[in-house]
Amino acid sequence: MTKEDILDILKAEYLDTMGLTEEKFGEKLICIGEYLIKKGKRIQKSGQDKRDKSQKLKQHCKQSNDNVSTHDRERKEATVVQKVKPTVLVLFMKADDANALIETIKQKKALYAGIEEDLFVNAMKMWVGTDSQYNNSNVKMEFNRTTNMDSFVKEFDYVAMRFKLDKEYTGYEARADSYDRNQFFTNVCKDSVQLVESSGRLSFNDKITTDAYDVF
């Protein structure tokens, strides 16, 4: 329908049916025009608001997806970090009760099959981690401590022993149960993990580093 068709309809409505004069019809057209302009602006604004809401929704969805992607990436990266294979085992052995065992390990420069039960019983605390974690931990300081020369302080003295892990193991975690821990000791002994260094006799009065945890 053209503008001329609309005008003809209005003329028929107001001039012929209602009997308005040309002047009154012109005034009526002005009123109708003003109404249509206002109505058109409201419709235009409504359409713009809908577009704005739609764009905001799209941006929100994109941001949410980006956040999810970032979270997934960080979680995957964290998982990769958690799966890094430990390379260092440190055992804190009872100085008196395990003296013969300690000396034999020093001579062999490694753990060996058949001592897992003795190891399990005589290790007071332990620590497992990567080389980087070891170098940035307080565990490393145990090997720089002064040897206890007081012959009267014997009970609970200990010797720190560091071993190199070449394979991936389980059961070394701080919260591992006694069965898994025993399996860990069995495996490292069977694999004859190498002794890297050992400390002198250290006094329990100075306390073992809090980075270490109980064997069982």
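This text goes with the structure placed above it.
Residues numbered from 1 in each chain as written. Predicted model: local features only at pLDDT ≥ 70, side-chain atom pairs only at ≥ 80, totals over all residues. Heavy atoms only, no water.

A. Region of interest: the overall build of the chain. Within the chain one finds six helices and five strands. Its helices and strands taken in sequence order, the chain reads α-α-β-α-α-β-α-β-α-β-β from the N to the C terminus. Within the chain, counting contacts between residues at least 6 apart in sequence, those at least 24 apart form 80% of the total. Accessible surface computed for the chain: about 14900 Å², of which carbon and sulfur atoms make up 51%. (Helix = DSSP H or I, 4+ residues; strand = E, 2+ residues; numbered from the N terminus. Contact = heavy atoms within 4.5 Å. Areas by Shrake-Rupley, 256 points an atom, 1.4 Å probe, with all protein chains shown as cover.)

B. Main features of the sheet that holds strand S4 (residues 194-198). Across the sheet, which stays open at both edges, the five strands sit in the order S4-S3-S1-S2-S5 with antiparallel pairing between neighbours. Single-partner strands in this sheet number two, and they are S4 and strand S5 (213-214). In the packing of helix H3 (residues 99-108) onto the sheet, contacts are made with strand S1 (88-94), strand S3 (158-164) and S4, and the angle to S3 comes to roughly 35°. Lying on the sheet, helix H6 (residues 178-190) is in contact with S1, strand S2 (123-129) and S5; it crosses S2 at an angle near 75°. (Pairing = 2+ DSSP bridges. Axes fitted to C-alpha atoms, helices over the stretch in contact; angles between N-to-C directions.)

C. Examining the packing of aromatic side chains more closely. Under the definition given, this model contains seven aromatic pairs. Taken together, a centroid distance of 6.0 Å and an interplanar angle of 80° make the contact between Phe120 and Phe185 edge-to-face. Here Phe120 is found in helix H4 (residues 116-122), whereas its partner Phe185 is found in helix H6, with 65 residues between them in sequence. By relative accessible area, Phe120 is classed as buried at 11%. Classification of Phe185 as buried rests on a relative accessible area of 0%. A network of ring pairs unites the aromatic residues Phe120, Tyr169, Tyr172, Phe184, Phe185 and Phe216 as a single cluster. (Phe/Tyr/Trp six-rings, centres within 6.5 Å; stacked < 30°, edge-to-face > 60°. Buried < 20%, exposed > 50% of the residue type's maximum accessible area, 1.4 Å probe, protein only.)

D. Here's a closer look at the pairing of S1. Most of S1 sits out of view: six of its seven residues are buried. Relative to S2, S1 runs antiparallel, the two being bridged by six bridges. Following the sheet pairing, Phe92 is matched in S2 by Lys125. Pairing of S1 with S3, which is carried by seven bridges, proceeds in the antiparallel orientation. Pairing of Met93 across the sheet is with Val159, part of S3.

E. Structural context of H3. Those residues of H3 not exposed but buried are Leu101, Ile102 and Ile105. The arc that holds every buried residue of H3, seen down its axis, measures 100°, which confines them to one face. Away from its buried face, by an angle of more than 90 degrees, H3 presents the exposed residues Ala100 and Gln107. Buried residues along H3 sit in contact with S1, H4, S3 and S4. Phi turns positive, to about 60°, at Lys109, one or two residues after H3. (Arc of directions from axis to C-beta.)

F. Quick look at the pattern of salt bridges. Applying the stated criterion across every chain yields a total of eight salt bridges. Linking Glu103 and Lys106 is a salt bridge whose minimum nitrogen-to-oxygen distance equals 3.8 Å. One end of the pair is Glu103 and the other is Lys106, both in helix H3 and three residues apart, which spans about a single turn. You can call Glu103 partly exposed: its relative accessible area is 34%. A salt bridge links Asp157 to Arg201, with the nearest nitrogen and oxygen atoms 2.8 Å apart. (Salt bridge = Lys/Arg side-chain N within 4 Å of Asp/Glu carboxyl O.)

G. Inspection of the side chain of Asn182 at higher detail. With respect to the helices and strands, Asn182 occurs in helix H6. What makes Asn182 buried here is its relative accessible area of 17%. Apart from residues no more than four positions distant in its own chain, Asn182 is found in contact with Glu117 and Phe120.

H. The side chain of Arg181, seen in detail. Relative to the assigned elements, Arg181 resides in helix H6. At 5.3 Å, Glu173 is the nearest oppositely charged side chain to Arg181, a buried residue that forms no salt bridge. Engagement of the side chain of Arg181 in a polar contact is seen with the backbone oxygen of Val215, the distance being 2.6 Å. With residues near it in sequence (within four places) discarded, Arg181 still touches Phe120, Met126, Gly171, Tyr172, Glu173, Ala174, Ala176, Tyr213, Asp214 and Val215. (Lys, Arg positive; Asp, Glu negative; His and termini not counted. Polar contact = N/O pair within 3.5 Å; in protein donor to acceptor, adjacent residues only side chain to side chain.)

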